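Topology and contacts: notes
If you want the building blocks of each chain, they are given just below.
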Amino acid sequence: MIAVLKSFSDLPLVSLDFSLQCEVGDLLGEHVRIKSSKLTLVLDDFIQRNEHHRSVVMPEYDKYLEKRTKLLQESKSQFRLSEFKPRPLTSFVRNMLISESYLPLIGDNFAKQLGTIGDSKRTDLMGMLLLVSPPGYGKTTLIEYVAHKLGLIFMKINGPSIGHQVTSLDPADAPDQNSAREIEKINLAFEMGNNVLLYLDDIQHTHPEFLQKFISLCDGTRRVEAHGMARQKRMT
């Protein structure tokens, strides 16, 4: 049997009494709409605010996240943050060579500078760690490996880019842009202070007067003479 209604007037109508407003209580949060631990919701106002959040707030927030990500990537590229991370080779043979052959050569001296051994002698009197070998023997790879294992910021300074003409730690005194950039990296390492491994590569290409500024880092004073004044710096 099929019932057919000729019009809506044939439908039974029931009158209901309800409110478009409700109240949520026992709230512990703090919000401008919460008063005395109660939140009052009005249906039409809630629907309107929800639609505004969906159509306006969320798209603008997505644009903000996209813009923030873009600015962060540009800043990382500008500051060249990737250069400060050690990138040791993943080769098993090379890592075994470093761990079993190279690292024992410098391990005791390096450990004393870090203060992990040598309790009977002051660690600030051990001197700098100077690696000397023909090109291609893995000096840089060894230091990057150590920095990676210890979780240190690896600040590699290119000696040839600095050149023989640079004698100051002021980037303004550098003769060209490349040397100024390397001097800025040195000053950045000083500003970072702790947990930084400052690596001067190919120092034979730099001026002796420039290298003398770093000797004081290793004689217990932890000071660098620059710009006519003594600058206190703590280095790892």
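With that settled, consider the pattern of salt bridges. This structure, assessed with the given rule, holds six salt bridges. With a shortest N-O distance of 2.6 Å, R54 and E51 are connected by a salt bridge. Residue R54 and its partner E51 are both found in helix α1 (residues 43-79); the two are separated by three residues, about one turn of the helix. Exposure remark for R54: the relative accessible area of 53% places this residue in the exposed category.

To continue, consider the pairing of strand β3 (residues 38-42). Relative to β3, strand β1 (residues 21-24) is paired through four bridges, and the arrangement is antiparallel. Note on β3: the bridge partner recorded for C22 is L41. The hairpin formed by strand β2 (residues 34-35) and β3 contains two residues between the paired strands, and S36 there has a positive phi angle of roughly 55°.

It is worth spelling out helix α6 (residues 208-215) at this point. At 3.6 residues per turn, the α-helix brings residues three or four places apart onto the same side. All of the buried residues along α6 are F210, K213 and F214. Viewed along the axis of α6, the buried residues span an arc of 95°, placing them on a single side of the element. Exposed residues pointing more than 90 degrees away from the buried face of α6 are listed as P208 and Q212.

Conventions and cut-offs
Residues numbered from 1 in each chain as written. Predicted model: local features only at pLDDT ≥ 70, side-chain atom pairs only at ≥ 80, totals over all residues. Heavy atoms only, no water. Salt bridge = Lys/Arg side-chain N within 4 Å of Asp/Glu carboxyl O. Helix = DSSP H or I, 4+ residues; strand = E, 2+ residues; numbered from the N terminus. Buried < 20%, exposed > 50% of the residue type's maximum accessible area, 1.4 Å probe, protein only. Pairing = 2+ DSSP bridges. Arc of directions from axis to C-beta.

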